[in-house]
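# Geometric and topological summary
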Amino acid sequence: MYPTKKNNIEQELPKVDEIELLEQLLDQAKITLHKAPIEAEECATKALRIARRLSKYNEQKQLHTLLGSLNFYKGLDKVAVAHFKACLEICLVEEDQFGLAQSYNNIGGIYLHKEQAEQALDWFIKALNQKDVQTNPAIYCNIGSTYRLLKKMDQAYDYFYRAIVAAKNVDYIHGQIIAHINISECLQEENKETERIHHLNKALELSTKHNIIDTYVKCMELLGLAHTRQQKYDKALVAFRKGIKKARKANLFKDQTSCELAIAKVYFDQKKYKTCLSQIEKVITTTQKYDWPDLKIEAMKLKQSCAFAQKDLVAAQLYSKELVDYLEKQKHLTDEDTDHLLQLKESKINNLVVQNQSFERQNKLILQSNEELKQYAYIIAHDLKEPLRNINGFAHLLEKKLKSHQLENHQFTKEITEYTNYIKGSTIHMSELMEDLLQYSTLQPKPEKQEFIDLNTFLSILLHDWQDIIKEKNLQINVHPLPTIHIVRKHCKQLFINLIQNAIKFNDKTQPIIEISYKEEFAHFKFMIKDNGIGIEQEYLNKIFKIFNRLKPRAFNGTGIGLAICTKIVQIYDGQIGVESKPNKGSTFYFTIAKKSPHIDEV
């Protein structure tokens, strides 16, 4: 299970040397991922143990993803899925949409590799549900590949073209290239050579222009295979060797080995069996070193074919036994018949695609509308405050003028003084109302400059500034140990000030008592501000959180916006707000804030 964060007071700071070691191991694992995968796995495994001990969840996500990929290359699908699911669990707690989409897509990719279409589509649907535009190109490509596997070419093309559009929308060149490569392979299966070459050349052009080496190597491999099918062996060897040269420089050893295996196949087609066997042995040695079962199985099958072609039955029998033994170790689960569910899955995917496009359009309109509302709010606040200041100023001048004239009718003077006081009080209230309304209207749905705030220190400073009020009201404020939360400081201040002020304002006891505490839930912290005040009638419990709804407006000052501001802030952080109360027995206001570990490095 994903470990819950302990109270901030109880946590011990990790040793600096361990943090440095973790960073070094993580960097080394990334560097050696293709160059020396066994070393990469050792570094990643050590780093994961440290990351768990230090509760470094961002590093844990990276390491689980890396280890999942390494085990996938080794053919250990169950181990790979376990790592991807461990990453998924962390992303679920942190509500990391990009991480969730990536994890779901990675797991689906394993089932696609195993040719288990139904399971693959299940995971790809979950990935699409995250509505993360950055990962959509890869998800669409995988869905297209699933339909290609099922020989449903119309649907396959549809999703590959969607992938190209989605990749262009987020300027993801690699995604465009992969989609073109997938389309070329579909066209090759349908013997549409002219169109296939067009898409392959497009992929090669983009790879060369943007210096994307892995896709360049893949394009060269595919061109070499096309030349091999046409028996243009010299051109095939040139293409494969270009791919090998680029792959070697970039330490893409698996891609390099794949091209070397393709060269062995050229020698086999040319009936150069001894040269072919020599090339195969080289490939098998490399696959054993890096533990790549898919390439090793291909090489062993080709080796067996060479023996049969040379009519060496003893060698052929030996190679067959070696292959069978190895296949037993690498045995995959039997594919399931999933045709009866495919139409349902396709319908779900299409609906999600339409929803995603609709959400993107709506988001643009909402962002534009929010920006306009923000501008209007500032204009209204500025334009209205000026006449209010004038009214207040002239009320003061009028009062001063009346006093200087020393009118004989004292009753008349007293009445006018009351009127001017009323005008001044109303302008102050109106100014406060506009200030609160401005705060409410300018709250951002995606706040910037969030920071990790230790609430123990934060409230200690806040309440220290209220010492005069605490003494005057004879307040008793008990603050229990609180956690660290990830929030904009201004929002944190608005939340606690509004709720604590409410607890003070709506209290008629000679000894007002306020309790501030929290409890930890699965994905949120729940905070409680409890008082022994006047309480709230049942019928008002839901109304008070709406803007301009005030409890007993004649008896208590206020604008009726404070709780609405709190509600909007809590919603920004994926939380909820509410109250439990009984008349004359006090109230407990509560709100939740989504967790985020303070050990996660901010980008």
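For clarity, every value in this text was computed on a predicted model and none was experimentally measured.

Summing up its helical and strand segments, the protein chain has 22 helices and seven strands in all. Buried residues in the protein chain amount to 48% of all 603 residues. The contacts in the protein chain between residues at least 6 apart in sequence include a share of 65% that link residues at least 24 apart. Accessible surface for the protein chain amounts to roughly 33,300 Å². Of this, 52% is attributable to carbon and sulfur atoms.

Turning our eyes to something else, we now look at the side chain of Thr-287. For Thr-287, the position within the fold is in helix H14 (residues 273-290). Here Thr-287 is in contact with Thr-257, Trp-292, Leu-295 and Lys-296, once residues within four sequence places are set aside.

Counting residues in hydrophobic clusters, the biggest one holds 45 residues, and the most contacted among them are Leu-455, Leu-495, Phe-496, Ile-516, Phe-527 and Phe-591. Taken together, the elements giving at least two residues each to this core come down to helix H19 (455-464), strand S3 (484-487), helix H21 (489-505), strand S4 (513-520), strand S5 (524-531), helix H22 (562-572), strand S6 (577-582) and strand S7 (586-594). Top element by residues in this core is H21. It accounts for eight residues. The contact partners of Phe-527, leaving out residues within four places of it in the chain, are Leu-455, Leu-482, Pro-483, Ile-485, Phe-496, Ser-517, Tyr-518, Phe-589, Tyr-590, Phe-591 and Ile-593. Core analysis: the second largest hydrophobic core is formed by 35 residues, Val-81, Leu-100, Leu-128 and Tyr-157 among them.

Take the packing of aromatic side chains next. Following the criterion strictly, the structure yields eleven aromatic pairs and no others. Ring centres 5.9 Å apart and planes at 35° place the aromatic pair Tyr-104 and Trp-123 in the tilted group. Taken as a pair, Tyr-104 in helix H5 (residues 97-113) and Trp-123 in helix H6 (residues 117-129) lie far apart in primary sequence, 19 residues in all. Across this residue pair, the class does not change: Tyr-104 and Trp-123 are buried. Ring geometry for Tyr-147 versus Tyr-159: centroids 5.9 Å apart, planes at 20°, classification stacked. Placement of the pair is Tyr-147 in helix H7 (residues 136-149) and Tyr-159 in helix H8 (residues 153-169), with a sequence separation of twelve residues. Residue class for Tyr-147 comes out buried when judged on its relative accessible area of 0%.

Glancing now at the packing of H5 against H6. Where H5 meets H6, the axes come as close as 8 Å, and the angle between the chain directions of the two elements is 165°. Compared by their axis directions, H5 and H6 come out roughly antiparallel. For the crossing formed where H5 meets H6, the hand is left-handed. Side by side, H5 and H6 meet where Ala-101, Tyr-104, Asn-105, Ile-107, Gly-108, Gly-109, Tyr-111 and Leu-112 of the first sit next to Gln-119, Ala-120, Trp-123, Phe-124, Lys-126 and Ala-127 of the second. Here the residues of the contact of H5 with H6 sort into nine nonpolar, four polar and one charged.

With seven of its eight residues buried, S5 lies for the most part within the structure. Looking at chain direction, S4 and S5 are connected through seven bridges and run antiparallel. The residue bridging Ile-514 from the neighbouring strand is Asp-531, located in S5. In textbook terms, the turn of a hairpin is the stretch between consecutive antiparallel strands, and for S4 and S5 this stretch comprises three residues. Sheet analysis places S5 next to S7, joined by seven bridges and oriented antiparallel. Bridge assignment links Phe-525 to a residue of S7, and that residue is Ile-593.

A few words on the packing of H21 against H22. Contact pair H21 / H22: the axes reach a minimum separation of 9 Å and the direction vectors enclose 140°. By the angle between their axes, H21 is oblique relative to H22. Note that H21 runs across H22; the crossing there is left-handed. The segment H21 lies against H22, with His-491, Gln-494, Leu-495, Asn-498, Leu-499 and Asn-502 engaging Gly-562, Leu-563, Ile-565, Cys-566, Ile-569, Val-570 and Ile-572.

On to the sheet that holds strand S2 (residues 476-479), then. One open sheet holds the five strands; their spatial order is S2-S4-S5-S7-S6, and the pairing between them is mixed. Each edge of the open sheet carries a strand with a single partner, namely S2 and S6. Each strand axis lies, on average, 15° off the axis of its neighbour in the sheet, ignoring direction.

In this section: the confidence of the model for the protein chain. Mean pLDDT over the protein chain: 79, with 74% of residues reaching 70 or higher. Across residues 1-14, confidence stays below pLDDT 50; counting only partners more than four residues off in sequence or on other chains, it has 26 contacts. Below a pLDDT of 50 lies the segment residues 332-341, which in the model reaches twelve contacts outside its immediate sequence neighbourhood of four places, other chains included.

Criteria and cut-off values
Residues numbered from 1 in each chain as written. Predicted model: local features only at pLDDT ≥ 70, side-chain atom pairs only at ≥ 80, totals over all residues. Heavy atoms only, no water. Helix = DSSP H or I, 4+ residues; strand = E, 2+ residues; numbered from the N terminus. Buried < 20%, exposed > 50% of the residue type's maximum accessible area, 1.4 Å probe, protein only. Contact = heavy atoms within 4.5 Å. Areas by Shrake-Rupley, 256 points an atom, 1.4 Å probe, with all protein chains shown as cover. Core = buried A, V, L, I, M, F, W, Y, C linked by side-chain atoms within 4.5 Å. Phe/Tyr/Trp six-rings, centres within 6.5 Å; stacked < 30°, edge-to-face > 60°. Axes fitted to C-alpha atoms, helices over the stretch in contact; angles between N-to-C directions. Parallel < 35°, antiparallel > 145°, perpendicular 65-115°, else oblique. Left-handed = near helix turned anticlockwise from the far one by under 90°. Nonpolar A, V, L, I, M, F, W, Y, C, P; charged D, E, K, R; others polar. Pairing = 2+ DSSP bridges. pLDDT = per-residue confidence, 0-100.

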